[in-house]
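# Summary of structural features
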Amino acid sequence: MKKEINLSGGIDLDAVVETSGKRIDGRAADELRSVKFTKDYITSAKGSVLIEMGNTRVICTASVDENVPGWMRYQKVPGGWVTAEYSMLPGATQDRTQREATKGKIGGRTMEIQRLIGRSLRAVVNLKKLGRRQIYLDCDVIQADGGTRTASITGAYVALKLAIQRLMKDGLLKEDPVSEGLAAISCGIHKEQPILDLCYLEDSAAEVDANFVMTESGKIIEIQGTAEEAPFSKDELLQMMTLAEKGIAELTALQKEVLN
């Protein structure tokens, strides 16, 4: 069962994409929701940002530990490590989501998402250049309306870069270990129409639901695609990828503005 829920309410799922080509919020098929980055949102972290994509809001922080995980020490693996944790506040959804701490274990969805965030960021980090340290990326969803995992990845990159800038300023790093920018975005197909950056209502009604993680140069880190009803074609996948490339180019441009 999907945990993210609609914040608008009372809208017919069948009307997500109208015959005019406009979506429930008036966007074009290839248009992102409104995007806003607020950096240094948590002053105690080495790097932090609040990312807002439509009604989805995620606080992303980067914390630095001048040690590496035990498995790296024992195996004498050179360099450092980047890892991530993901969580959702109980009040982030219309129906309260129980804290996983009260359940005594991390849910499968949470584990999947935080592993996705971690491996996405490691794909653009030279761990040897990072030195013998670990960077924790914490992504906390404070309001969910679809696309929390993609917003988390996009925001976590900004938090990571801010932390790296701090380490370089303090003389703890001589060289930036981040090779290039990255971002993530959702795409889908509803009523045979490929659409970019799905809100919850669109995600719930879509025949195909996909997430794309790509670098600034257009290289693919990960694609997650699911047919909710009938299988989708290679051509439909390529149409969604074209939308994703456009959205990620816009997001990486916004990231640069925040980081400069």
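Residues numbered from 1 in each chain as written. Predicted model: local features only at pLDDT ≥ 70, side-chain atom pairs only at ≥ 80, totals over all residues. Heavy atoms only, no water.

### A look at the side chain of R27
Following the sequence through the fold, R27 ends up in the segment before strand 1 (35-39). Separated by 3.2 Å, the side chains of R27 and E202 make a polar contact. (Helix = DSSP H or I, 4+ residues; strand = E, 2+ residues; numbered from the N terminus. Polar contact = N/O pair within 3.5 Å; in protein donor to acceptor, adjacent residues only side chain to side chain.)

### Notes on the UniProt feature "binding site: phosphate" (unreviewed entry) in the chain
Here, the residues flagged by UniProt with the feature "binding site: phosphate" (unreviewed entry) are R109, G147, T148 and R149. On the basis of their most widely separated C-alpha atoms, the annotated residues across 41 residues gather in one place, lying no more than 13.5 Å apart. Inspection of the secondary structure puts R109 in helix 3 (residues 108-122). Residue G147 is classed as buried on the basis of its relative accessible area of 16%. (UniProt positions renumbered as here; feature names shortened; annotations may be inferred. Buried < 20%, exposed > 50% of the residue type's maximum accessible area, 1.4 Å probe, protein only.)

### Topic: the sheet that holds strand 5 (residues 134-143)
Hydrogen bonding along the main chain pairs the strands of a sheet, whether they run parallel or antiparallel. If you trace the 5 strands from one edge of the open sheet to the other, you get 1-2-3-5-4, paired in mixed fashion. Since the sheet does not close on itself, it has two edges, and those belong to strand 1 and strand 4 (81-88), each with one partner. Each adjacent strand pair in this sheet contributes to an overall mean axis angle of 20 degrees, direction not counted. Bridging between strand 3 (residues 56-65) and strand 5 involves 9 bridges; their strand directions are antiparallel. (Pairing = 2+ DSSP bridges. Axes fitted to C-alpha atoms, helices over the stretch in contact; angles between N-to-C directions.)

### Description of the UniProt feature "domain: Exoribonuclease phosphorolytic" (unreviewed entry) in the chain
What UniProt calls "domain: Exoribonuclease phosphorolytic" (unreviewed entry) maps, in this numbering, to residues 31-163 and 183-247. Annotated as 34% helix and 30% strand, the span residues 31-163 places its first and last C-alpha atoms 30 Å apart. With 31% helix and 43% strand, residues 183-247 has its two end C-alpha atoms placed 9 Å apart.

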